[in-house]
Amino acid sequence: MKFDNIIIGGGVAGLTCAIRCAQAGLKTAVIAAGQSALHFSSGSIDVLSRLPNGTVTHYPFDEFETLANQSPLHPYSKLGGDVTRQAIDWYQQTMENIGIKLHHQADDCNHLRITPMGTFKATWLSQSTVHPFPMFEPAKSLRKLALVTIDGFRDFQPQLAADNLRLLPHFANVEITTAAIALPDAELMQRNPCEYRSIDISRVLADDNKLQRFALAMKNTIGEADLVILPAVFGNGTGLKVISKLEQLTGYTLCEIPTMPPSLLGIRLEDAMKGYYKSLGGLILAGDEVTHGEFENNQLQRIFTRHHGDMPLVANHYLLASGSFFSRGLHAERHHIEEAIFGLDIAPLASTNHQHWYQPQFFSDQPHPFLGMGVETNQQLQPSLNGNVITNLYCAGAILAHYNPVFEGSGSGVAISTGFHAAQSMIALHDKHTSTAIFPSLAEGNI
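- The name given to the chain in an unreviewed UniProt entry is Anaerobic glycerol-3-phosphate dehydrogenase subunit B, with Photobacterium carnosum as the source organism.
- UniProt's Function (unreviewed entry) comment on the chain is quoted here verbatim: "Conversion of glycerol 3-phosphate to dihydroxyacetone. Uses fumarate or nitrate as electron acceptor."
- UniProt lists a comment for the chain under the heading Subunit (unreviewed entry), and it reads "Composed of a catalytic GlpA/B dimer and of membrane bound GlpC."

### Examining the overall build of the chain
Here's step 1: Of the regular secondary structure elements, the chain holds twelve helices and 19 strands.
Here's step 2: Against the compact-globule benchmark of 22 Å for 447 residues, the chain has a radius of gyration of 23 Å, which places it among compact chains.
Here's step 3: The principal-axis extents of the C-alpha atoms in the chain amount to approximately 75 × 45 × 45 Å.
Here's step 4: Residues counted as buried form 50% of the 447 residues belonging to the chain.
Here's step 5: For the chain, long-range pairs separated by at least 24 residues make up 67% of all intrachain contacts whose partners lie at least 6 apart in sequence.
Here's step 6: For the chain, the exposed area adds up to about 20100 Å²; of that, 51% sits on carbon and sulfur atoms.
Here's step 7: The chain carries 30 positive and 41 negative side-chain charges, and their two centres are separated by 6 Å.

### Description of the pattern of salt bridges
Here's step 1: Summed over all chains, the structure comprises twelve salt bridges.
Here's step 2: Ionic pairing is found between aspartate 226 and arginine 143, a salt bridge with its closest N-O pair at 3.2 Å. Remark: arginine 143 occurs in the loop between strand E6 (126–127) and strand E7 (144–150) and aspartate 226 occurs in the loop between helix H7 (208–222) and strand E9 (227–231); sequence separation between them is 83 residues.
Here's step 3: Owing to a relative accessible area of 24%, aspartate 226 belongs among the partly exposed residues under this scheme.
Here's step 4: A salt bridge links glutamate 289 to arginine 306, with the shortest nitrogen-to-oxygen separation between them at 3.0 Å. Of this pair, glutamate 289 sits in the loop between strand E11 (283–286) and strand E12 (290–296) while arginine 306 sits in the loop between strand E13 (299–305) and strand E14 (314–320); the two residues are 17 residues apart in sequence, bridging distant segments of the chain.
Here's step 5: Taking relative accessible area as the criterion, glutamate 289 reaches 27% and is therefore assigned partly exposed.
Here's step 6: Through salt bridges with shared partners, a single network forms among Arg85, Asp89 and Asp108.

### Considerations on the packing of helix H1 (residues 12–23) against helix H4 (residues 81–97)
In helix packing, the relevant descriptors are the interaxial angle and the interaxial distance, both defined with respect to the helix axes.
Here's step 1: Axis separation between H1 and H4 bottoms out at 12 Å; the angle between their running directions is 75°. Here H1 lies roughly perpendicular to H4, going by the angle between them. When H1 is examined against H4, the residues Thr16, Ile19, Arg20 and Gln23 are found in contact with a partner set consisting of Trp90, Tyr91 and Thr94.

### Some details on the sheet that holds strand E10 (residues 254–257)
Here's step 1: Read from one edge of the open sheet, four strands run E8-E7-E9-E10, paired in parallel fashion. Bordering the open sheet on either side are strand E8 (175–181) and E10, each of which pairs with just one other strand. Strand-to-strand, the axes of this sheet are offset by a mean angle of 25°, without reference to chain direction.
Here's step 2: With seven bridges joining them, E7 and E8 adopt parallel strand pairing.

### Description of the nonpolar core
Here's step 1: Ile6, Tyr91, Ile303, Leu319, Leu320 and Phe342 are the most contacted members of the largest nonpolar core, which has 72 residues in total.
Here's step 2: When near neighbours in sequence (up to four residues on either side) are disregarded, phenylalanine 342 contacts Ile8, Val290, His292, Gly293, Phe295, Leu300, Ile303, Leu320, Leu385 and Leu393.
Here's step 3: If you look at the next biggest cluster of nonpolar residues, it comprises 47 residues, including Phe171, Ala179, Ile201 and Val242.

### Description of the packing of aromatic side chains
Here's step 1: Counted according to the given criterion, the structure contains seven aromatic pairs.
Here's step 2: Aromatic pair phenylalanine 61 and phenylalanine 64: ring centres 5.6 Å apart, planes at 15°, arrangement stacked.
Here's step 3: Judged by its relative accessible area of 18%, phenylalanine 61 is buried.
Here's step 4: Residue classification places phenylalanine 64 among the buried residues on the basis of a relative accessible area of 8%.
Here's step 5: With a centroid separation of 5.6 Å and an interplanar angle of 85°, the aromatic rings of phenylalanine 295 and phenylalanine 342 are classed as edge-to-face. Here the residue phenylalanine 295 occupies a position in strand E12, and phenylalanine 342 occupies one in the loop between strand E16 (337–339) and strand E17 (384–385), the gap between them amounting to 47 residues.
Here's step 6: An aromatic cluster of at least three residues, connected via ring pairs, comprises Phe61, Phe64, Tyr76 and Trp124.

### As for the environment of glycine 10
Here's step 1: Following the sequence through the fold, glycine 10 ends up in the loop between strand E1 (2–8) and H1.
Here's step 2: Separated by 173 residues in the primary sequence, glycine 10 and leucine 183 have C-alpha atoms spaced 34 Å apart.
Here's step 3: Non-local contacts of glycine 10, meaning those with residues more than four positions away in its chain, are made with Leu15, Val30, Ile31, Ala32, Ser36, Glu270 and Lys274.

### Comments concerning H7
Here's step 1: Taking 1.5 Å per residue, 15 residues should reach 21 Å; H7 reaches 21 Å between its end C-alpha atoms and fits that length.
Here's step 2: Along H7, the positions that sit buried rather than exposed are Leu211, Phe214, Ala215, Met218 and Ile222. Taken around the axis of H7, the buried residues stretch over an arc of 105°, which confines them to a single face. Projecting away from the buried face of H7 at angles above 90 degrees are the exposed residues Leu216 and Asn220.
Here's step 3: Phi turns positive, to about 75°, at glycine 223, one or two residues after H7.

### Some thoughts on H1
Here's step 1: The first and last C-alpha atoms of H1 sit 16 Å apart over twelve residues, in line with the 16 Å expected at 1.5 Å per residue.
Here's step 2: Burial of H1 is extensive: eleven of the twelve residues sit out of reach of the surface.
Here's step 3: Positive backbone phi, approximately 85°, marks glycine 25, located one or two places after H1.

Conventions adopted
Residue positions are counted from 1 within each chain, in the order its sequence is given. Per-residue local features are limited, in this predicted model, to residues with pLDDT of at least 70; the limit for side-chain atom pairs, both in listing and counting, is 80 or more; totals at the level of whole chains, interfaces and linings are taken over all residues. The basis for every side-chain value is the complete set of non-hydrogen atoms in the structure, without hydrogens or water. UniProt positions are given in the numbering used here, feature names are shortened, and annotations may be inferred rather than shown by experiment. Numbering of helices and strands starts at the N terminus; helices are DSSP runs of H or I of at least 4 residues and strands are runs of E of at least 2. The globule rule used here is 2.2 Å times the number of residues to the 0.38 power, and the radius of gyration it is set against is calculated over C-alpha atoms. Partly exposed describes any residue whose relative accessible area lies between the buried limit of under 20% and the exposed limit of over 50%, with all areas from a 1.4 Å probe on protein chains only and scaled to the type maximum. Every residue pair with non-hydrogen atoms within 4.5 Å of one another is taken to be in contact. Areas reported as accessible are Shrake-Rupley estimates using a 1.4 Å probe. Residue values count occlusion only from the protein chains shown. Neither His nor the chain termini are counted; the positive set is Lys and Arg, and the negative set is Asp and Glu. Charged groups are reduced to one reference atom each: NZ for lysine, CZ for arginine, CG for aspartic acid, CD for glutamic acid. Definition used for salt bridges: Asp or Glu carboxyl oxygen within 4 Å of a side-chain nitrogen of Lys or Arg. Inter-axis angles, ranging from 0 to 180 degrees, are taken between N-to-C directions of lines fitted to C-alpha atoms, where helices are fitted over the stretch in contact. Here the angle decides the label: under 35 degrees means roughly parallel, over 145 means roughly antiparallel, 65 to 115 means roughly perpendicular, and every other value means oblique. Note: two strands are recorded as paired if DSSP finds a minimum of 2 bridges between them. To form a nonpolar core, buried Ala, Val, Leu, Ile, Met, Phe, Trp, Tyr and Cys residues must be joined to one another through side-chain atoms within 4.5 Å. The criterion for an aromatic pair is that two Phe, Tyr or Trp rings (for Trp, the six-membered ring) have centres within 6.5 Å, with stacked assigned to planes under 30 degrees apart, edge-to-face to planes over 60 apart and tilted to the rest. To estimate the expected span of a helix, count its residues, drop one, and scale the result by 1.5 Å. Here the arc refers to the directions that run from the helix axis out to each C-beta atom.

Structural data, given as structure tokens:
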């Protein structure tokens, strides 16, 4: 099978590249081995909340020059602030066009999203159902805050979150209450006390009659509240409509927070992106994985997958967005790491002693070095194999070296911007090739 582009990886970086290529009319295929990291994500888009040296930053796009000075090989440093902002703006507009509104602060400052633990994380874009707590005044305009769960739901404990919120000086004058609302007809679906999951609850609340009963129970239990925080249990497909109707029924302003996997906020983004990509004519080879590829003249000529056996898949250009260790894009041995599919060149390790690859404490103020490991690329995000640049292969997202997505709060931003940049490069080369094929004399300078 022959394509213009093949994308290896179905996460944020891969789908970003695939959508942009499909928008440009390129014949594109995505090979997705399984669930992406979006199933474990917050559903918000982080750009940058901390510089590599640990300095907290509130205005991410104002810090790109400082970032480049501290880390010249960082993916953002290779792309630059203008390209990164263009990519993020494109993503925000694209998602809005397909029904997922993402908002950021008017002054381009990060905002805070609340976590299930009652702590706050800085982010750049959040879904419309996620309350954007102001960075410097998170309790602004709040007099009463209600944290609510579903009776029997184990993945959100509002009392724990409330206790942590009460420790924050900003919330000293905010009344914080908690509640557990019974799910209508719960006894018909719950086979044991630990079986409730967000996706199960979403199916119940999709029923209008049960949603109305649930809304009435909320009003009777909560009373007045400026903001009601609920776990994200409203579905990934029609979830936004369900939340909107619940707000109409109760009169409350609702805020979703992500829960233990599966994260419906993350799945909502993934489903929207995949649905839009398919509507553009894109192909997704789901549940398949690339086993190896063949290289000639410093180009990737063909790849082979588990499902297609000895039948190769061929493209003019390829993107590798297979993720880091979590997604098995990278593989760690005792004294070295490997790129799992092609054996691409890895950025030099600061130490071959694996005990130096992580901090002694999991929740550490210092970054875990292994999260900054990955594939070495040039300024165009092209990797090398045995020292030779592969000119028709790009890398994007978590497989890239020289940045730490968790420590910096930059994971989604890097994924989107590098996937977008790779797509723009592919589109430009495709257009150039097409023009040359149609007007060969123009390319030779004979006109």
